[in-house]
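Overview (structure and organization)
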Amino acid sequence: MSDDLLASAEWVRVEATLSLSADAQSARGQYFTPERAAALIAAMPSVPDVNPIRVLDPGAGSGMLTAAIIERLVTAAPGRRVEVTAIEVDPTLIAALRRTAELCEQWARRHSAEVSITVINGDIITLSTGLEARLDTDFDIVIMNPPYKKLGANSPERRALASLGWDATNLYTACDVLYKEYGLIAHRRVSPGGGRE
Ligand SMILES: C[S@@+](CC[C@H](N)C(=O)[O-])C[C@H]1O[C@@H](n2cnc3c(N)ncnc32)[C@H](O)[C@@H]1O
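Residues numbered from 1 in each chain as written. Predicted model: local features only at pLDDT ≥ 70, side-chain atom pairs only at ≥ 80, totals over all residues.

**Some points on the overall build of the protein chain**
Which entries qualify depends on this criterion: Secondary structure elements follow DSSP: runs of H or I of four or more residues count as helices, runs of E of two or more count as strands, with numbering from the N terminus. Residues are called buried when their C-beta atom has 20 or more other C-beta atoms within 10 Å, exposed when it has 12 or fewer, and partly exposed otherwise; all C-beta atoms are positioned from the backbone. By the criterion used throughout, residues are in contact when their C-beta atoms, derived from the backbone, lie within 7 Å.
Tallying secondary structure elements over the protein chain gives eight helices and four strands in all. In sequence order, the protein chain lays out its α and β elements as α-α-α-β-α-β-α-β-α-β-α-α. Buried positions account for 40% of the 197 residues belonging to the protein chain. Sequence separation of 24 or more characterises 74% of the internal contacts of the protein chain that already satisfy a separation of 6 or more.

What follows is the structure, encoded as structure tokens:
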């Protein structure tokens, strides 16, 4: 078995992409991040001085960003536990996401690293807001490539955001609102000394 986690995850990404219909792909903005771009994105956040390091991948697709951030954190912070929550709305992608999660866990075991990945089939906006909110929002890193998808004026996402007094016309700004403006992004919850507030 190859020890190159991102190369293995890339195979899953390509297979998952080939399984999509062009219409669904465009309607849901299902354009997955290729291996090299995923590595580049995962290199961007600074590594928080906490243990475990908790990561959210909202709109995870086949799980490329999950794989990339795990590889980065295990390499940069050996000995620390990494917990990833990967959320994907499209049920047809969950098998691919679980496959990538398995590859990550196998890779972590070979590197004597403690990694756990929770895959959730659900909508990131309604899981974080409104009446359906049931997501633990205490994350240290949010790694995401949300789709550039318009949100209808009466969509559940817009209504869930409105319940918090926020609005966003597309999913990209909605995630931005949730994870930057509304304060769900966890680096705000990490005190300057490192521990969680
Ligand atoms: C641009 S793709 C990126 C996928 C993956 N993060 C990557 O970088 O390869 C966006 C993903 O978000 C999913 N998605 C769209 N709306 C969502 C929502 N409201 N909640 C959760 N996932 C969503 C899509 O099905 C798609 O798989």
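**Thoughts on the environment of Arg98**
Counting through the fold element by element, Arg98 comes out in helix 5 (residues 94–110). Sequence spacing of Arg98 and Ser62 is 36 residues, and the spatial spacing of their C-alpha atoms is 8.1 Å.

**Some points on the sheet that holds strand 3 (residues 115–121)**
Short version of the rule: In this analysis, strands are considered paired if DSSP registers two or more bridges between them. Inter-axis angles, ranging from 0 to 180 degrees, are taken between N-to-C directions of lines fitted to C-alpha atoms, where helices are fitted over the stretch in contact.
Strand order across the open sheet formed by four strands is 3-2-1-4, with parallel pairing between neighbours. Only two strands of the sheet have a single neighbouring strand rather than two, namely strand 3 and strand 4 (141–142). As paired strands, strand 1 (residues 53–58) and strand 4 are joined by two bridges and run parallel to one another. What sits directly across from Leu56, in strand 4, is Val142. Packed on one face of the sheet, helix 4 (residues 64–76) meets strand 1, strand 2 (82–88), strand 3 and strand 4 and runs near 170 degrees to strand 2.

**A word on the site of the ligand**
Quick reminder of the rule: The criterion for a residue being near a molecule or strand is simple: its C-beta atom, placed using the backbone, must lie within 6 Å of it.
Around the ligand sit 24 residues in total, of which Phe32, Thr33, Gly59, Gly61 and Asn145 are the nearest. Of all the secondary-structure elements, those providing two or more residues to the shell around the ligand are helix 4, strand 2 and helix 6 (124–128).

**Some details on the packing of helix 3 (residues 35–42) against helix 4**
Applicable threshold: Small angles under 35 degrees read as roughly parallel and large ones over 145 as roughly antiparallel, with 65 to 115 read as roughly perpendicular and the rest as oblique. Take the far helix as the reference: if the near one is turned anticlockwise from it by less than a right angle, the crossing is left-handed, and if turned clockwise, right-handed.
One way to put it is that helix 3 packs onto helix 4 with a least axis distance of 8 Å and a crossing angle of 50 degrees. Regarding the angle of helix 3 to helix 4, the classification is oblique. Helix 3 and helix 4 meet at a crossing whose hand is right-handed. Residues Ala38, Ala39, Ile41 and Ala42 of helix 3 touch helix 4, and the partners they reach there are Met64, Leu65, Ala68, Ile69 and Arg72.

**Looking at the packing of helix 1 (residues 5–18) against helix 5**
What counts is decided by this rule: Ten residues, namely Ala, Val, Leu, Ile, Met, Phe, Trp, Tyr, Cys and Pro, are considered nonpolar, four, namely Asp, Glu, Lys and Arg, are considered charged, and the remaining ones, Gly among them, are considered polar.
Relative to each other, helix 1 and helix 5 sit at 170 degrees, their axes nearing to 10 Å. Comparing their axes, helix 5 and helix 1 come out roughly antiparallel. Here Leu5, Ser8, Ala9, Val12, Glu15 and Ala16 of helix 1 lie close against helix 5, whose contacting residues are Ala96, Arg99, Thr100, Leu103, Cys104 and Trp107. Along the lines of polarity and charge, the residues of the contact of helix 1 with helix 5 split into eight nonpolar, two polar and two charged.

**Points about helix 5**
In an α-helix, one full turn covers 3.6 residues, which means residues spaced three or four apart are oriented alike. As a reminder of what qualifies: Take the number of residues in a helix, subtract one, and multiply by 1.5 Å to get its expected span. The arc in question is the one spanned by the directions pointing from the helix axis to the C-beta atoms.
Compared with an ideal rise of 1.5 Å per residue, which puts 17 residues at 24 Å, helix 5 spans 24 Å between its outermost C-alpha atoms and is within 8% of the ideal. Listed as buried for helix 5 are Ala96, Leu97, Thr100, Ala101, Leu103, Cys104, Trp107 and Ala108. The arc enclosing the buried residues of helix 5, seen along the axis, measures out at 160 degrees, which places them on a common side. Exposed side of helix 5, more than 90 degrees from the buried face: Arg109 and Arg110 are the residues found there. Among the structural elements, helix 1, helix 4, strand 2 and strand 3 are those in contact with the buried residues of helix 5. After helix 5 finishes, the residue Ser112 shows a positive phi value of roughly 50 degrees.

**Observations concerning the pairing of strand 1**
For clarity, the threshold we go by: Handedness rule for crossovers: strands pointing away from the viewer, path from the first strand over the helix to the second running clockwise, crossover right-handed.
The buried count for strand 1 comes to five of six residues, which makes it a mostly enclosed element. Pairing analysis gives six bridges linking strand 1 to strand 2, with the strands arranged parallel. Within the sheet, the bridge partner assigned to Ile53 lies in strand 2 and is Val82. In the classification by handedness, the crossover that spans strand 1, the intervening helix 4 and the parallel strand 2 is right-handed.

**Side note on the confidence of the model for the protein chain**
Rules: pLDDT: the predictor's confidence for each residue, scored from 0 to 100.
Predicted confidence across the protein chain gives a mean pLDDT of 85, with 85% of residues reaching 70 or more. Averaged over each element, pLDDT in the protein chain is lowest for helix 8 (residues 171–181) (71) and highest for helix 5 (98). Here residues 185–197 is a poorly scored stretch, pLDDT under 50, and it has 22 contacts once near neighbours within four places are set aside; other chains count.

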